[in-house]
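# Coordinate inspection notes
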Amino acid sequence: IETYSGSDPSQQENLLGVATDPIVTSVPNKVVYSVHDYPASVHPTTYDQASDYPSNLPAIWNQYWGYIYQQNIAPVFVGEFGAAMQSPGDSPWLSELTAYLDGQLGGSGGLSVAAGQQGPGWAYWSWNPNQGGAGGILNDDWTVNSAQMARLDPLLYDAPASSTAVSGTSSATGAVPLA
């Protein structure tokens, strides 16, 4: 999927082909498209060097995979994204990506996520601290990296204040501490 019809071969989030050649299954609603996205410190791309970086990113994400979410073609799962936050471009990239996934950039060309709805699903890479340039949710001593968690906070789902029990089950709300 990296190269489609002469597109940038450095893309790890290239789902351009879905627009013309989507995966079709005999059972509807069974396809989820997944991408990986990293800053230049982990996986350099041609657009990381643009003079308008990182404000150019929403248009790139829209072009390569955001349209799938926007047009309700299928769910999109950002299966990997992360940065050690040690290079100058890491923080702006992560800020732009979290705002994009959360629908905060809808008015300026990013995804539009309705109030009370979740944007595309995601998984941060990685949990553990020893995965090289991508950094982790945990510090080297395996405690939670609170600064990294704060960066991801806009993407964390806010559970409703109250929940209704379903017959035969019970439910609860609250926070689960990571450390």
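Refer to the preceding data block for the structure.
A brief report on the enclosed structure follows. (Residues numbered from 1 in each chain as written. Predicted model: local features only at pLDDT ≥ 70, side-chain atom pairs only at ≥ 80, totals over all residues. Heavy atoms only, no water.)

### So, the overall build of the protein chain
Along the backbone of the protein chain there are 3 helices and 3 strands. Counting only residues that meet the buried cut, the protein chain has 40% of its 179 residues in that class. Long-range pairs, those at least 24 residues apart, make up 59% of the contacts in the protein chain with a sequence separation of at least 6. As displayed, the protein chain has an accessible area near 10100 Å², and 53% of this comes from carbon and sulfur atoms. (Helix = DSSP H or I, 4+ residues; strand = E, 2+ residues; numbered from the N terminus. Buried < 20%, exposed > 50% of the residue type's maximum accessible area, 1.4 Å probe, protein only. Contact = heavy atoms within 4.5 Å. Areas by Shrake-Rupley, 256 points an atom, 1.4 Å probe, with all protein chains shown as cover.)

### A closer look at the packing of helix α1 (residues 57-70) against helix α2 (residues 90-101)
Orientation of α1 relative to α2, taken along the N-to-C sense of each, is 55 degrees, at an axis distance of 10 Å. Regarding the angle of α1 to α2, the classification is oblique. For the pair α1 and α2, the crossing hand works out as right-handed. Contact residues: α1 offers Leu57, Pro58, Trp61, Asn62, Trp65 and Gly66, while α2 offers Trp93, Glu96, Leu97, Tyr100 and Leu101. Here the contact of α1 with α2 is composed, by residue class, of 8 nonpolar, 2 polar and 1 charged. (Axes fitted to C-alpha atoms, helices over the stretch in contact; angles between N-to-C directions. Parallel < 35°, antiparallel > 145°, perpendicular 65-115°, else oblique. Left-handed = near helix turned anticlockwise from the far one by under 90°. Nonpolar A, V, L, I, M, F, W, Y, C, P; charged D, E, K, R; others polar.)

### Some details on the nonpolar core
Membership of the largest hydrophobic core comes to 36 residues, with the highest contact counts inside it found for Trp65, Ile68, Phe81 and Trp93. For this core, the element with the most residues is α1, which contributes 8 residues. Excluding its chain neighbours within four sequence positions, the residues that come into contact with Trp93 are Asp37, Tyr38, Pro39, Tyr53, Pro54, Leu57, Trp61, Phe81, Gly82 and Ala83. (Core = buried A, V, L, I, M, F, W, Y, C linked by side-chain atoms within 4.5 Å.)

### Some thoughts on the pairing of strand β2 (residues 76-81)
Examined bridge by bridge, strand β1 (residues 33-37) and β2 share 5 bridges and lie parallel to one another. Looking across to β2, one finds that Ser34 is bridged to Phe77. Crossover β1 to β2 through α1 is right-handed. For β2 and strand β3 (residues 121-124), the ladder comprises 3 bridges, and the chain directions are parallel. Looking across to β3, one finds that Val78 is bridged to Trp122. With respect to chirality, the unit in which β2 leads through α2 into the neighbouring parallel β3 is right-handed. (Pairing = 2+ DSSP bridges. Right-handed = clockwise from strand over helix to strand, strands pointing away.)

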